[in-house]
Amino acid sequence: MGVEGQLAANGSGGITTGVFDANDNSVVIAGGAIANTSAYTVDASTGRGTLTLSGVTPADYAIYVISASKSLVLSLDSASTNGLAAGEMDRQSGSFGATSLTGASVVGIDAQSTSGPDVTVGIITFDGTGNATLSGDENNAGTVSPSTGTAPYTTPDSTGRF
């Protein structure tokens, strides 16, 4: 199960807008809307909270605030047919364009294949004009192999989604 997207929180428990992409056991949702009926809570003394996203599956998450710009998230419901979702939320600001993706970045991907855990780690290099190159290693259920390739990417829109 993989979920990725962006949302706007209003600072008082509401989500005003958002969009997400998901892949749940090869069922793909691209550009799904996060409804403005979504909500969150955070306990100021512990940093733990909840996040309920309307229009998204899975919908219920525990959130752990690390700083003003970073939170960890873990899905709480069993709506996914391929396991739970976990990851992080990072605050974004500013506008984005082709040169927003320039240079090398570390990439890590955790997944579940039919044969077991599938983990890839490596370096992805963006050229700022729509081309990316990956150089890394994949461990698919104990079988380690190089993971390399090139692919085009679309220019990020003003929210950073591409």
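Up top is the structure.
## Section: the sheet that holds strand β9 (residues 102-113)
Then step 1. The antiparallel open sheet is built from four strands, whose spatial order is β9-β10-β11-β12. With one partner strand each, in any of the chains shown, β9 and β12 (143-152) form the two edges of the open sheet. Taken over all neighbouring pairs, the strand axes of this sheet differ in orientation by 15° on average, direction set aside.
Then step 2. As judged from the nine bridges shared by strand β10 (residues 116-127) and strand β11 (residues 131-140), these two strands associate in the antiparallel manner. Across the sheet, Phe126 pairs through a bridge with Ala132, a residue of β11.

## Focus on the pairing of β11
Then step 1. In sequence, β10 turns back onto β11 through a hairpin of three residues, with Gly128 there showing a positive phi of about 85°.
Then step 2. Bridging between β11 and β12 involves 10 bridges; their strand directions are antiparallel. Considered in β12, the bridge of Asn140 is made with Thr143.
Then step 3. Counting the residues in the hairpin turn of β11 and β12 gives two residues, including Ala141, whose phi is positive at 55°.

## Regarding the nonpolar core
Then step 1. With 11 residues, the main nonpolar core is built from Ile15, Phe20, Ala22, Ile34, Tyr40, Leu51, Leu53, Val56, Tyr61, Ile63 and Val73.
Then step 2. Looking at this core, the elements with two or more residues in it are β2 (15-24) and β6 (60-67).
Then step 3. Sorting elements by how many residues they give to this core places β2 first, with three residues.
Then step 4. Those residues in contact with Leu53, other than ones at most four positions away along the chain, are Leu7, Ile34, Ser38, Ala59 and Tyr61.

## Remarks on the sheet that holds β2
Then step 1. If you trace the three strands from one edge of the open sheet to the other, you get β1-β2-β3, paired in antiparallel fashion. Pairing within the sheet leaves two strands with one partner each, and these edge strands are β1 (2-9) and β3 (27-33). Between one strand and the next, the sheet's axes are offset by a mean angle of 5°, whatever the strand orientation.
Then step 2. Both β2 and β3 contribute to a ladder of five bridges, which runs antiparallel. Paired with Val19 across the two strands is Ala33, which belongs to β3.

## A short note on the pairing of β6
Then step 1. Pairing geometry for strand β5 (residues 48-52) and β6, over five bridges, is antiparallel. Within the sheet, the bridge partner assigned to Thr52 lies in β6 and is Asp60.
Then step 2. Strand direction decides the pairing type here: β6 and strand β7 (residues 70-75), joined by six bridges, are antiparallel. In the sheet register, Val65 faces β7, and the bridge partner there is Ser71.
Then step 3. Hairpin remark: β6 followed by β7, antiparallel, with two residues in the connecting loop.

Calculation criteria
- Residues numbered from 1 in each chain as written.
- Predicted model: local features only at pLDDT ≥ 70, side-chain atom pairs only at ≥ 80, totals over all residues.
- Heavy atoms only, no water.
- Pairing = 2+ DSSP bridges.
- Helix = DSSP H or I, 4+ residues; strand = E, 2+ residues; numbered from the N terminus.
- Axes fitted to C-alpha atoms, helices over the stretch in contact; angles between N-to-C directions.
- Core = buried A, V, L, I, M, F, W, Y, C linked by side-chain atoms within 4.5 Å.
- Buried < 20%, exposed > 50% of the residue type's maximum accessible area, 1.4 Å probe, protein only.
- Contact = heavy atoms within 4.5 Å.

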